[in-house]
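# Tertiary structure, described
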Amino acid sequence: QVQLVESGGGLVQAGGSLRLSCAASGRISRINAMGWYRQAPGKQRELVATVASGGSTNSADSVKGRFTISRDNPKNTVDLQMNSLKPEDTAVYYCKITFLNGMVYWGKGTLVTVSS
């Protein structure tokens, strides 16, 4: 079994910064993609940013230039540095890990609230 533990959420004023971290533990095989998704109240879950095993990244247009995703392969962690936060970034943020064998795991989520 694999466990994902997210941390770093909280309340921040608009324009502020937060750093989210996700650590995978348990029966870790080869990880392919790692990423962050978010779900705001009343909305569908959406992609925020992903990073492939080779290091290439992809991010939503709404966060480009403000959010940076990074991963540490030996530690099986993925971080999301969020700068210049806006009230519309308020959501529950979920970590997602996809293994090379196709298995997908999600974290339980961490709440980010940005006040105006």
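First, a word on scope: everything that follows refers to the structure included in this document. (Residues numbered from 1 in each chain as written. Predicted model: local features only at pLDDT ≥ 70, side-chain atom pairs only at ≥ 80, totals over all residues. Heavy atoms only, no water.)

### Some points on the sheet that holds strand E8 (residues 77–82)
Hydrogen bonds between backbone atoms are what pair the strands of a sheet, whose relative direction is either parallel or antiparallel. The strand order across the open sheet built from four strands is E1-E3-E8-E7, with neighbouring strands paired in antiparallel fashion. The open sheet has two edge strands with one neighbour each: strand E1 (2–7) and strand E7 (67–72). On average, each strand axis in the sheet is inclined to that of its neighbour by 15°, with strand direction left out of account. In the sheet, E1 pairs with strand E3 (residues 18–26) via six bridges, with the strands oriented antiparallel. (Pairing = 2+ DSSP bridges. Helix = DSSP H or I, 4+ residues; strand = E, 2+ residues; numbered from the N terminus. Axes fitted to C-alpha atoms, helices over the stretch in contact; angles between N-to-C directions.)

### A look at the state of the cysteines
By definition, a disulfide links the sulfur atoms of two cysteine residues through a covalent bond. Per the stated rule, a full pass over the model turns up one disulfide. Sulfur-sulfur distance for the disulfide between Cys22 and Cys95 comes to 2.1 Å. What sets the handedness of the Cys22 and Cys95 disulfide is the S-S torsion sign, and at about -80° it is left-handed. Highlighted residues: Cys22 in strand E3 and Cys95 in strand E9 (residues 91–99), separated in sequence by 73 residues. We note that Cys22, like Cys95, is buried. (Disulfide = S-S within 2.5 Å. Buried < 20%, exposed > 50% of the residue type's maximum accessible area, 1.4 Å probe, protein only.)

### Topic: unusual backbone geometry
The backbone phi angle of Asn76 is positive, close to 55°, even though this residue is not glycine. Tracing the backbone through its elements, the reader meets Asn76 in the loop between E7 and E8.

### Brief notes about the pairing of strand E11 (residues 110–115)
A one-sided burial pattern is seen for E11, the buried positions being Thr110, Val112 and Val114 and the unburied ones Leu111, Thr113 and Ser115. In terms of strand pairing, strand E2 (residues 10–13) meets E11 through four bridges, oriented parallel. Residue pairing in the sheet places Gln13 in a bridge with Ser115 of E11.

### Quick look at the packing of aromatic side chains
Counted according to the given criterion, the structure contains two aromatic pairs. Taking the centre distance of 5.1 Å and the plane angle of 65° together, the rings of Tyr37 and Trp106 count as edge-to-face. Linking Tyr37 in strand E4 (residues 31–39) with Trp106 in strand E10 (residues 104–106), this pair joins segments that are 69 residues apart in sequence. When the centroid spacing of 5.7 Å and the interplanar angle of 85° are considered together, the rings of Phe99 and Tyr105 count as edge-to-face. It is Arg45 that lies over the ring of Tyr94; its NZ or CZ is 3.7 Å from the centre. In this structure, Arg45 packs its charged tip against the face of Trp106, placed 4.6 Å from the ring centre. (Phe/Tyr/Trp six-rings, centres within 6.5 Å; stacked < 30°, edge-to-face > 60°. Lys NZ or Arg CZ within 6 Å of the ring centre and 35° of its normal.)

### Brief notes about the nonpolar core
Core analysis: the biggest nonpolar cluster contains 29 residues, and Trp36, Leu80, Met82 and Tyr93 have the highest contact counts within it. Listed by contribution, the elements that provide at least two residues to this core are E1, E3, E4, strand E5 (46–51), E7, E8, E9 and E11. The element contributing the most residues to this core is E9, with five residues. (Core = buried A, V, L, I, M, F, W, Y, C linked by side-chain atoms within 4.5 Å.)

### Concerning the environment of Gly35
Residue position: Gly35 is located in strand E4. For Gly35 and Ile69, which are 34 residues apart along the polypeptide, the C-alpha to C-alpha distance reads 7.8 Å. When residues no more than four places from it in sequence are discounted, the contact partners of Gly35 are Ala49, Thr50, Ile69, Tyr94, Cys95 and Lys96. (Contact = heavy atoms within 4.5 Å.)

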